[in-house]
Amino acid sequence: MSIEIRHVTKRFGEAVAVDDVSLEVETGSLTALLGPSGSGKSTLLRIVAGLETPDAGEVILSGEDATTLSPQKRNVGFVFQHYAAFKHMTVRNNIAFGLTIRKRPKNEIRERVEELLALVQLQGFADRYPAQLSGGQRQRMALARALAAEPKVLLLDEPFGALDARVRAELRDWLRRLHEEVHVTTVFVTHDQEEAMEVADRVAVLNRGRLEQIGSPLDLYDEPASEFVMRFVGDAHDLGGALVRPHDVALRREPGDGAVEVAIERITVLGADARVELVDGDGARLAARLRRDEVEELDLEEGEILWVRPERERVFSS
Amino acid sequence: MPRFVALAYLTAVLLAPLTMVFWRTFQHGLAPVWGALSNPETVHAFKLTLIVTAIAVPVNTIFGVAVSLLIVRKRFPGKGVLNAFIDLPLALSPVVVGLSLYLLYGRNGWFGSWLLGHGIQVLFAWPAIVLATIFASVPFVAREVIPTLRELGDEQEQAASTLGASGWQTFRRITLPSIRWAVIYGVVLTTARSLGEYGAVAIVSGRIVGRTETATLRVDDSYQNFDLTGAYSISLVLAATAVVVLILMTVLKPKEQMA
Amino acid sequence: MAESHANPVALRLSRAAGTSERAGTALSLGLVSTFLTLIVILPIAALVWESKRDGAHAFWQVVSSPEAVSAFKLTIGAAAIVALVNAVLGTVTAWVLVRDDFRGKALVNSVIDLPFALPTIVAGLTLLALYGPRSPIGVNLAFTRTAICLALCFVTLPFVVRTVQPVLLELDTEMEQAAHSLGASGLVTFRRIVLPNLLPGILSGLVLALARAVGEIGAVVLISGNLPYRTEVSSVYVMGRIESGDPAGAAAVAVVLLATSFAILLGVGGLRFLVTRHERA
């Protein structure tokens, strides 16, 4: 199912949470809504699910206007940041919920639940209560529950936000693989650019309720449409009135060509790469990213004076 | 030292007097107690109390749950006023409650004159006792359910709605099971108050022996007529009920706090 | 006619998902408001109406009659004493229940709620059994003001205990340890560290106890003897006026009791606002 958001605006009192946002999500895609906290990304997701009603604009699901449709009738799966596990029900009954209230036959429900338990790798946990599961297990249960009634869209609100780093990385991989397997149109919200770039095939960047850019992860990195996107997606530093990525900073031993004089503050070797932290005459800091052999070749030392020039830079009119 | 002060206070005010009631009741053996309790007027008083409680408790439970859902889950103007009015009966004297109903349903009252004109007797009859009991015990369920609902949050309910559950299905399968201990605790408190209401009922019932006299009024009546055994026996039954209520409160409380 | 109270409220509902849900909210709000209007608000309105039906002069005459004034003074005085006793002994009891440990503590803890469960008339009779004319310990307090205070203590006992207890349970003992390490004695620590934290809890318990004590009748009516000018409290006075066929007089005094309840709630609400200053950003 495709999702089309047309000129959607949502206010909470005086604050504008979503400000005239339009975007399209293609059938079968895996899209990330990326933005800092307060950018309106969760609100937008909740509007798609029908958990919030927009003050203006339309939500089109599979070509049909769903703006005033209640969440019950949208056939979306929604995964909440804090799982929203039904605490008084076992894992099995949590997953079965959507099917039970649709009054599906008992054996069909049983089969489907077993299938989902296997999919989310919770086979041995069917008769436990949510309180007896770890955070990651609870999140997988929530996913299975959302998928049970075969929704046309899967919506996830900061699905890994409450988990620790290692579990988060595992679940990321797992979500990618799941999407390849199930192939349901999926939209997830995150404030973590790395997560968005790694998992999604399309990323929509939101800032202060407005859509800054939508595109593939590579597009956003290479062709950022605004200063905000450039700074938010990947590292970016000011250099002579322009913005530059660390690996686009060229180091030289000689001045000239408008190169800026800098001192090396610190060199950090990270495996095959190295990060050279620099400070210019005004005290402004930037970093260059090089291969380790380049650092060795240039024979860089902390405290040394160098000249830098951007190889690729961007100027955004504000 | 603080332990001694606290225990001495509890003993002097609570425990010692209660022990005395037991002793006084059975001072002359079981026979007079049984005699007093099987007195037809006393039996009638107990029956009336039970009937009134059986009406007041479900009414206040439904009201309490509904009003809690509205206050916690919905946005509407005047919510603060509604919230304040629910708690009001807790701060009111039972005498104020009784007299208010007495005036509303009395011969010259706004409702009373019309109702009497149509042959409906409310005051000095069971409907007034029911109304007074409902009035006095309105807040108990809502006061327990509101904080539990707040703490529960609405995420589970939203999850249910995205899974296709209707409003009623969400309430039945998600909300109600999550607040059930708070509801039960509120029901226990409502029951205790309904069984034990005295002041409001004393005013509106007319205290007609064998007709509109409830158990608490019967205690008063027996005592005033120097039937100490009667007064103590009925009190003992009511106190025993209170102990059951207390046990239920103790058993239910931790569960409610854990939820 | 009662529905007219609810409808303007119901019509201006916020935009929620789905019109059927909005309609449902409006309907239940209408029902709930109607119920509350019929059961609570209209009767109170009738009471206020009745009290001023014969004019302000008549109202004042009843309220300022020596017997009514004496009853009101006694009511307020006894309630104030009882509230203070509760504030002190209720806090001590809560402290013992949270911080102390002894056999039978769980039992004591559940017994605290007994006055909530016991019918008030039974509470009165219970006190008479021990402190009445045939007292086995030779203490006859019947028909005295002390007895009134005792009865009010009985019915209001749980309030302060139950509002202070959760606060004490949540109170971080590290704060006290920090005070000790800074050289504060036990008493100083209690007064300067613990008490300020308990004060909001004590105050809300106090309001409930005060409101309850001012209006109490069941526990008092048997043990006080209801002697005019000596042991007659306002609630009993109101009852007496009704029984002697003077509902207007009863209504006037009842309205004073009603106003007192409101004043207690508002007054202590304001006090609480001051005490909890530090909890607001």
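Residues numbered from 1 in each chain as written. Chains lettered and ligands numbered in written order. Predicted model: local features only at pLDDT ≥ 70, side-chain atom pairs only at ≥ 80, totals over all residues. Heavy atoms only, no water.

(A) Inspection of the overall build of chain C at higher detail. Per the secondary structure count, chain C includes 13 helices and zero strands. Along chain C, from the amino end to the carboxyl end, the secondary structure elements read α-α-α-α-α-α-α-α-α-α-α-α-α. Here chain C holds 281 residues, and the buried ones make up 53% of them. Sequence-distant contacts, at least 24 apart, represent 73% of the contacts inside chain C between residues at least 6 apart. Taken as a whole, chain C presents about 12700 Å² of accessible surface, with 65% of it coming from carbon and sulfur. (Helix = DSSP H or I, 4+ residues; strand = E, 2+ residues; numbered from the N terminus. Buried < 20%, exposed > 50% of the residue type's maximum accessible area, 1.4 Å probe, protein only. Contact = heavy atoms within 4.5 Å. Areas by Shrake-Rupley, 256 points an atom, 1.4 Å probe, with all protein chains shown as cover.)

(B) Structural context of the pairing of strand β1 (residues 3-12) of chain A. Residue and element names in this part refer to chain A. In the sheet, β1 pairs with strand β4 (residues 56-61) via five bridges, with the strands oriented antiparallel. By the bridge assignment, T9 is partnered in β4 with A56. Bridge count between β1 and strand β2 (residues 15-25): seven bridges; the pairing is antiparallel. Considered in β2, the bridge of I3 is made with V25. Hairpin connection of β1 to β2: two residues between the antiparallel strands, including G13 at a positive phi of 65°. (Pairing = 2+ DSSP bridges.)

(C) The confidence of the model for chain B, seen in detail. On average, residues of chain B carry a pLDDT of 91, and 98% of them reach 70 or more. Scored below 50 in pLDDT, residues 255-259 of chain B makes six contacts in the model with residues more than four places away or belonging to other chains. (pLDDT = per-residue confidence, 0-100.)

(D) Highlighting the sheet that holds strand β8 (residues 185-190) of chain A. Residues and elements named next belong to chain A. Strand order across the open sheet formed by six strands is β6-β7-β8-β3-β9-β10, with mixed pairing between neighbours. A single partner strand is all that each edge strand has here, and the edge strands are β6 (76-79) and β10 (210-215). When strand polarity is set aside, the average angle formed by the axes of neighbouring strands in this sheet is 15°. Inspection of the sheet shows β6 paired to strand β7 (residues 153-157) by four bridges, in the parallel sense. By the bridge assignment for β7, V76 is matched with V153. (Axes fitted to C-alpha atoms, helices over the stretch in contact; angles between N-to-C directions.)

(E) Helix α1 (residues 2-25) of chain B, seen in detail. All names here are of chain B. Over its 24 residues, α1 extends 34 Å from the first C-alpha to the last, a length consistent with the 34 Å expected when each residue adds 1.5 Å. In the structure, α1 departs most strongly from a straight axis at T11, where the bend amounts to approximately 50°. For α1, the set of buried residues is A6, Y9, L10, V13, L14, P17, L18, M20, V21, R24 and T25. (Expected span 1.5 Å × (residues − 1). Bend = angle between axes of the 7 residues up to and from the residue.)

(F) Molecular detail of the packing of helix α3 (residues 106-119) of chain A against helix α4 (residues 135-148) of chain A. Residue and element names in this part refer to chain A. Taken N-terminus to C-terminus, the directions of α3 and α4 make an angle of 140°; their axes are 10 Å apart at the nearest point. Judged by the angle between their axes, α3 and α4 are oblique. Classified by chirality, the crossing of α4 by α3 is right-handed. Contacts from R112, L116 and L119 of α3 reach α4 at A144, L147 and A148. Along the lines of polarity and charge, the residues of the contact of α3 with α4 split into five nonpolar, no polar and one charged. (Parallel < 35°, antiparallel > 145°, perpendicular 65-115°, else oblique. Left-handed = near helix turned anticlockwise from the far one by under 90°. Nonpolar A, V, L, I, M, F, W, Y, C, P; charged D, E, K, R; others polar.)

(G) Representation of the packing of aromatic side chains in the model. In this structure the tally under the stated criterion is ten aromatic pairs over all chains. Between F63 of chain B and F35 of chain C, the ring centres sit 4.5 Å apart and the planes meet at 35°, which makes this aromatic pair tilted. With F63 of chain B in helix α3 (residues 40-73) and F35 of chain C in helix α2 (residues 19-51), the pair connects residues from two separate chains. On the accessibility criterion, F63 of chain B (4% relative accessible area) is buried. Of the residues examined, F35 of chain C reaches a relative accessible area of 18% and is grouped as buried. Ring plane angle 70° and centroid distance 5.6 Å describe the contact between Y105 of chain B and F111 of chain B, whose orientation is recorded as edge-to-face. Take Y105 of chain B and F111 of chain B: they sit in the same class, and that class is buried. Note that R245 of chain A overlies the ring of Y221 of chain A, its terminal NZ or CZ placed 4.1 Å from the centroid. The lysine or arginine in question, R99 of chain C, covers the ring of W95 of chain C, its NZ or CZ lying 4.9 Å from the ring centre. (Phe/Tyr/Trp six-rings, centres within 6.5 Å; stacked < 30°, edge-to-face > 60°. Lys NZ or Arg CZ within 6 Å of the ring centre and 35° of its normal.)

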